[in-house]
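Structural overview for review
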Amino acid sequence: MTRTIGIGVIGMGWMGEAHSRAYRAIPDRFHESGLYPRLVVCADQVEARAQSAQQRFGFERYTTDWRDVIADPAVEAVIVTAPNGMHLEINRAVAQVGKHLFCEKPVGRNPQDTIQSVAAAREAGLLTGVGYNYRWAPLVQYARQLIADGKLGRLTHYHGRFLNGYAADPNGFLSWRFQQEHGLGTLGDLMSHVIDMAHMLAGPITRVTSDKETFIRQRPIPQPGKGTHYDVGSSDDPMGEVTNEDYVNALVHFANGTRGILESCRIINGAKCDMSFEVHGTKGAIKWTMERMNELQLQWRNDANPAEDGYTTLLSGPAHPYHRHFNPGWGVNLGYDDLKTIEAYNFLQTIVTGKQGEPGFAEAEAVARVQQAMMRSWASGRWETVEA
Ligand SMILES: NC(=O)c1ccc[n+]([C@@H]2O[C@H](COP(=O)([O-])OP(=O)(O)OC[C@H]3O[C@@H](n4cnc5c(N)ncnc54)[C@H](O)[C@@H]3O)[C@@H](O)[C@H]2O)c1
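Below, the discussion takes up the overall build of the protein. Secondary structure assignment for the protein yields 9 helices and 17 strands. Taking 21 Å as the expected radius of gyration for a compact globule of 388 residues, we find that the protein reaches 21 Å, a close match to that expectation. Within the protein, buried positions represent 57% of all 388 residues. In the protein, 71% of the contacts between residues at least 6 apart in sequence involve partners at least 24 apart. Element-wise, carbon and sulfur atoms account for 47% of the exposed surface of the protein, whose accessible area totals about 16300 Å².

Now for the pairing of strand S2 (residues 35-43). In terms of burial, S2 is largely enclosed, as 7 of its 9 residues are buried. Direction of pairing for strand S1 (residues 3-10) relative to S2: parallel, over a ladder of 8 bridges. Bridge pairing in S2 places Gly6 opposite Arg38. At this point the chain moves from S1, through helix H1 (residues 14-29), to the parallel S2, and the crossover so formed is right-handed. Two elements, S2 and strand S3 (residues 61-63), share 3 bridges in a ladder whose sense is parallel. Looking at the pairing, Val41 lines up with Arg61 of S3. The handedness of the S2 to S3 crossover, carried by helix H2 (residues 47-57), is right-handed.

Our focus in this paragraph is the packing of helix H5 (residues 111-124) against helix H9 (residues 361-380). Helices that pack against each other are described as a pair by the angle of their axes relative to one another and the distance between those axes. For the pair H5 and H9, the least separation of the axes is 9 Å and the interaxial angle reads 155 degrees. Here H5 is positioned roughly antiparallel relative to H9, judged by the angle of their axes. The interaxial crossing formed by H5 with H9 has left-handed handedness. Where H5 approaches H9, its residues Pro111, Gln112, Thr114, Ile115, Ser117, Val118, Ala121 and Arg122 are matched on the opposing element by Phe361, Ala364, Glu365, Ala368, Arg369, Gln371, Gln372 and Met375.

This paragraph deals with the nonpolar core. Grouped together as the largest cluster of nonpolar side chains are 111 residues, with contacts concentrated most on Tyr158, Met197, Ile205, Phe277, Trp288 and Met374. Looking at which element gives the most residues to this core, the answer is helix H7 (residues 190-202), with 9 residues. Residues within four places of Met197 in sequence aside, it is in contact with Tyr134, Arg135, Val140, Tyr158, Met275, Phe277 and Trp288.

Next up on the list: the packing of aromatic side chains. Applying the stated criterion across every chain, the model contains 11 aromatic pairs. The interplanar angle of 85 degrees and the centroid separation of 5.4 Å between the aromatic rings of Tyr134 and Phe162 together place this pair among those described as edge-to-face. Here Phe162 lies in strand S7 (residues 155-164) and Tyr134 lies in the loop between strand S6 (128-130) and helix H6 (138-148), a separation of 28 residues in the sequence. For the pair formed by Tyr134 and Phe162, the shared burial category is buried. In this structure, Arg177 packs its charged tip against the face of Tyr166, placed 5.8 Å from the ring centre. Sitting over the ring of Phe178, Arg219 keeps its end group 4.3 Å from the ring centre.

With 16 residues, H1 extends 21 Å from end C-alpha to end C-alpha; this agrees with the ideal 22 Å at 1.5 Å per step. Regarding H1, the residues found buried are Met15, Gly16, Ala18, His19, Ser20, Ala22, Tyr23, Ala25 and Ile26. Where H1 is buried, its residues touch S1, S2, H2, strand S4 (77-80), strand S5 (100-103) and helix H8 (336-353).

Moving on to the sheet that holds S4. Reading across the sheet, the 6 strands line up as S3-S2-S1-S4-S5-S6 and stay open at both edges, with parallel pairing between neighbours. Whereas interior strands pair on both sides, the edge strands pair on one side only; in this sheet they are S3 and S6. Within the sheet, the average angular offset between the axes of one strand and its neighbour, ignoring direction, is 25 degrees. The sheet contacts of H1 involve S1, S2, S4 and S5, and relative to S2 the element is tilted by about 155 degrees. Along the sheet, H9 makes contact with S5 and S6, crossing S6 at roughly 50 degrees.

About the thresholds
Counting of residues starts from 1 at the beginning of each chain's written sequence and follows it residue by residue. In keeping with the model being predicted, local features are shown solely for residues with a pLDDT of at least 70 and side-chain atom pairs are shown and tallied solely at 80 or more, while totals for entire chains, interfaces and linings include all residues. Side-chain descriptors were evaluated using all non-hydrogen atoms of the structure, hydrogens and water having been removed beforehand. Labels follow the DSSP assignment, with helices taken as runs of H or I lasting at least four residues and strands as runs of E lasting at least two, numbered in each case from the N terminus. All radius of gyration figures rest on C-alpha atoms, and the globule criterion is 2.2 Å times the number of residues raised to 0.38. Note on exposure labels: buried denotes an accessible area under 20% of the residue type's maximum, exposed denotes more than 50%, and partly exposed covers the range between, all computed with a 1.4 Å probe on protein chains only. Residue contacts are defined here by distance: any two heavy atoms, one from each residue, within 4.5 Å place the two residues in contact. In these tables, accessible area is a Shrake-Rupley quantity obtained with a 1.4 Å probe, and a residue counts as shielded only by the protein chains included in the view. When DSSP finds at least two bridges between two strands, those strands are taken to pair. Orienting the strands away from the viewer, one traces the path from the first strand over the helix to the second; a clockwise path indicates a right-handed crossover. An axis is simply a line fitted to the C-alpha atoms; with a helix, the fit covers only the stretch in contact. Between two such axes, the angle follows the N-to-C directions and lies from 0 to 180 degrees. Angles are sorted into four bins: roughly parallel if under 35 degrees, roughly antiparallel if over 145, roughly perpendicular if 65 to 115, and oblique for all others. Handedness of a crossing follows from how the near helix is turned relative to the far one, being left-handed for an anticlockwise turn of less than a right angle and right-handed for a clockwise one. By nonpolar core is meant a set of buried Ala, Val, Leu, Ile, Met, Phe, Trp, Tyr and Cys residues that side-chain atoms within 4.5 Å join together. Here a pair means two rings of Phe, Tyr or Trp (six-membered ring of Trp) with centres within 6.5 Å. Their orientation is stacked below 30 degrees between planes, edge-to-face above 60, and tilted elsewhere. Note on geometry: a ring has a charge over it if NZ (lysine) or CZ (arginine) is within 6 Å of the ring centre and within 35 degrees of the ring normal. Expected span, for any helix, means 1.5 Å times one less than how many residues it has.

Everything listed here is a matter of coordinates, which is why it stays silent on function.
This is the structure in structure tokens:
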């Protein structure tokens, strides 16, 4: 049985395109589900982007007014891929009309906005989804199962990090990403993935102490219509101040007693997309990075044969969650866009079953509470407790 769901997307930059591509892929990759996303309307304030997206992805129409997406009776689910500073206003408008709502992380300009977005969605009884896409790598899902099944024993410590060089070029434009008035820096952006992953694998974080730094303090001011994620200007352009953080680190305690170290940076050299974790337990350890998303390092204690006690490498294959939807072969690799397709599929499953899946806005609120504690620690220089 086919189930058609009308989709409207707001903000046709990198993520708007990635989500549109993902919804188009569902009738192919998850054909047995009978899910058929109908791409109704896409919105961008830059008309050329909205128009190009309509043509490329096959939306029925485009608009430059995001309110028009929410008002369209054919739109059942609204996908928010606009800059962080717009999330709360859009999310509240969606809550008022009671449509299903997917919002890219961090679901707000700052943790307070996120918590208000969550409250608006909860009061309206919305079904929600959030773009913590790194969860969806088949081997990450497999790692989650191994930990939940106790294969690592009692967890002792957790390293989580997202080291990314997307802003390593000092001439990367001063887009909304670098301005406090539009939201947090790497704490809202990269660290939100790190915290969510830590929560999924090792459980809730209860205490933190955290530090931050802004290494590149001035950037070229973009021309109107420029300044999406990877656009670069020139050192001859007029310069403006970077007003949020490039780098954040934290020591953390988990509710189950695990100790952790988290780190995120957007201006780093060397690492390109090192969204990674290493989880250690009393019986073994697991290590994964997005830079090698189709590999999982596993170590089991081997007291009988210490010569073979060390990390070995698993390759992603059809025995791991979701892999078979993309390829029937072992080591035949998936990529970032495939994670977006799995994410979109799971959000549509939430809609058709009426049962709130993960990650939804509740998971985003849990991340925001940890971010709030990190910000309090920046001010106090001390350990801070995460509010429930
Ligand atoms: N999950 C992930 O891996 C991931 C990766 C990148 C970005 N994101 C998130 O996705 C969101 C968008 O990021 P991006 O990289 O696509 O940004 P982007 O700057 O490339 O795109 C944002 C788009 O929104 C449009 N826009 C701005 N104001 C608008 C308005 N008033 N009405 C309609 N459109 C408007 C811009 O013109 C632009 O096309 C952010 O919340 C970001 O944190 C998530």
